[in-house]
Amino acid sequence: MKADLIITGCSELHTLSGSDGPRTGREMMDTGCIEGGAVAVKDGYVLDVGTESHITGKYRGEREVDVEGRTVIPGFVDPHTHLVFAGSREDELVMKIEGKTYMEILGAGGGILRTVRNTRKASREQLMEEMRARMDRMLAHGTTTAEAKSGYGLDLENEIKCLEVIRDIDHPLELVPTYMGAHALPPEFDEHSEYIDYCCDTVLPEIVKRGLAEFCDIFCEKGVFHAEDSMRLLIRAAELGMKIKVHADEIENLGCSTMAAELGAVSCEHLVKSGPGDIEAMAKNGVIGILLPGTPFMLMDNEYSPAREMIGRGMPVALATDLNPNCWTESMQMVITLACLQMKMHPNEALTASTHNAARAIGRNDIGSLVPGKKADMVVLDVPNLMHLPYHFGVNHAYMVFKEGVQIRPPKTY
Ligand code: NIG
Ligand code: FE
């Protein structure tokens, strides 16, 4: 039979075959590994996977790639990024080294609000070119799909500008848009609840009318948006047909993850301070926890999300970069190293969390595994086995990246 592409010579082919829903508990350990595996691709989709003799015995490839003993995995899915922003905040790293907290920097007009000022001033073209450079780096590090949140424009005009940049960029990395206007209180408002009214009455309906976002997210945190305001916005978003996510339990626990779970959120994100009751509520409602170990790392905090407890209690867990000016990495490989070392996730669990579960956390069922019928988004890692990914850290192991069966050559080598 004819295939467009055949990949052979995989020392390990991690197919992530298994159940189609978000995976929990022991299921996260099973990455569907085929030693000496091969893949056949047709029309951008996986046609078949199996042992090399099975694939080469059955298919002839238009193109055949022998990866010579490397490891092949599905493309990484990064389900939580703040991808559209202008400028940078490297000087705040020094402030953090000198002992200032994230909330002190935000309270003094730095942090998110400083990026809001830069983003409001930036043209669409500038935002798009800055975002493109990040997307090039993401793809070069093996990420083939990512979620992208707005949230540095805040007002109607600037949130639409950011979401249109996400919609309009022409790039092989696929993006899933999230409206996150409730990321900080904009300077033109005095009261958080008034701003939430504005988001509910003015911004959300317009975003929905224009079809600019699939998800709605909010930063539910002490000193930012409290639980009641957060719920008000999320309920309104759900009424308008959006799926919901929430930044919850990051610095303080305001009870937001439990409330969001009861509201039917697809995911709760950050979750450093989640307690056993919250984990129970999220597990019971099938909420996917998106854990972002790069964030405590960049905040120089020694506390990370209780991943072991979450997995142990049957909560599906995903991993993401949180890419933003406070925590700037395009590398899911770096996140996997942090997840394994700081949260004691097994490399197999970390892979499930960065592919299959990450895809489900952004409502995608056609990516995240290499089984017949799924998109042929694949990364060839220049390592003999998966364990090298967290173990050999701080370098880029992505050797070849395929999006829908097409090899992507990044414009630069990273
Ligand atoms: O997810 N926590 C809120 N928002 C981002 C940080 C944004 C920023 O500092 O610019 C986060 O970590
Ligand atoms: Fe975030």
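You'll find the structure just up there.
These lines cover the structure that appears in this document, whether it is placed above or below.

About the criteria used
Residues numbered from 1 in each chain as written. Chains lettered and ligands numbered in written order. Predicted model: local features only at pLDDT ≥ 70, side-chain atom pairs only at ≥ 80, totals over all residues. Heavy atoms only, no water. Donors = N, O, S within 2.8 Å, 3.2 Å for Na, K, Ca; no water. Helix = DSSP H or I, 4+ residues; strand = E, 2+ residues; numbered from the N terminus. Buried < 20%, exposed > 50% of the residue type's maximum accessible area, 1.4 Å probe, protein only. Axes fitted to C-alpha atoms, helices over the stretch in contact; angles between N-to-C directions. Parallel < 35°, antiparallel > 145°, perpendicular 65-115°, else oblique. Contact = heavy atoms within 4.5 Å. Nonpolar A, V, L, I, M, F, W, Y, C, P; charged D, E, K, R; others polar. Pairing = 2+ DSSP bridges. Core = buried A, V, L, I, M, F, W, Y, C linked by side-chain atoms within 4.5 Å. Domains from an automatic or database assignment. Near = heavy atom within 4 Å. Polar contact = N/O pair within 3.5 Å; in protein donor to acceptor, adjacent residues only side chain to side chain. Areas by Shrake-Rupley, 256 points an atom, 1.4 Å probe, with all protein chains shown as cover.

### Things to note about the coordination of the iron ion (ligand 2)
Reference values for angles at a metal are 109.5 degrees in the four-donor tetrahedral case and 90 or 180 degrees in the six-donor octahedral case. At the metal site, the iron ion (ligand 2) is ligated by H80 (NE2), H82 (NE2), H247 (NE2) and D322 (OD), and these contacts range over 2.1 to 2.3 Å. Sequence spacing of the donors to the iron ion (ligand 2): H-x1-H-x164-H-x74-D. Remark: H247 occurs in strand β10 (residues 243-248) and H80 occurs in the loop between β6 (76-78) and α2 (90-97); sequence separation between them is 167 residues. Grouping residues by exposure puts H80 and H247 together as buried.

### Notes on the packing of helix α7 (residues 192-210) against helix α8 (residues 227-239)
Between α7 and α8, the shortest axis-to-axis distance is 10 Å and the interhelical angle comes to 10 degrees. Considered as vectors, α7 and α8 are oriented roughly parallel to each other. Note on element contacts: α8 touches α7 through D229, R232, L233, R236 and A237, opposite H192, S193, I196, D197, C199, C200, L204 and P205. For the contact of α7 with α8, the class distribution of residues is seven nonpolar, two polar and four charged.

### Observations regarding the sheet that holds β6
One open sheet accounts for eight strands, arranged β6-β7-β8-β9-β10-β11-β12-β13; its pairing is parallel. Lying at the two open borders of the sheet, with one neighbouring strand each, are β6 and β13 (317-319). The sheet shows a mean angle of 25 degrees between the axes of neighbouring strands, taken without regard to direction. Bridging between strand β9 (residues 215-218) and β10 involves two bridges; their strand directions are parallel. Of the residues in β10, the one forming a bridge with C216 is I244. Where α7 meets the sheet, its contacts fall on β8 (174-182) and β9, and the angle it forms with β8 comes to roughly 150 degrees.

### Quick notes on the nonpolar core
One finds L175, Y179, L319 and M345 to be the most contacted residues of the largest nonpolar core, which totals 100 residues. Among the elements that make up this core, the one with the highest residue count is α7 (eight residues). When we break this core down by domain, the ones giving at least three residues each are domain 1 (2-74 + 368-409) and domain 2 (77-361). Excluding its chain neighbours within four sequence positions, the residues that come into contact with M345 are M28, A307, R308, I311, V317, L319, A339, C340, A350 and A353. Ranked by size, the runner-up nonpolar core spans 17 residues in total, among them C10, L370, V380 and M400.

### Things to note about the site of ligand 1
Taken together, 15 residues surround ligand 1, and among them R89, Y102, Y152, H183 and D322 come closest. H82 is positioned with one of its side-chain polar atoms (N or O) 3.1 Å from an oxygen atom of ligand 1. Taking H270, its side chain carries an N or O atom lying 2.8 Å from an oxygen atom of ligand 1. Protein chains shield 100% of the accessible area of ligand 1, which is 330 Å² for the free molecule. Looking at the shell around ligand 1 residue by residue, the class counts come to five nonpolar, seven polar and three charged.

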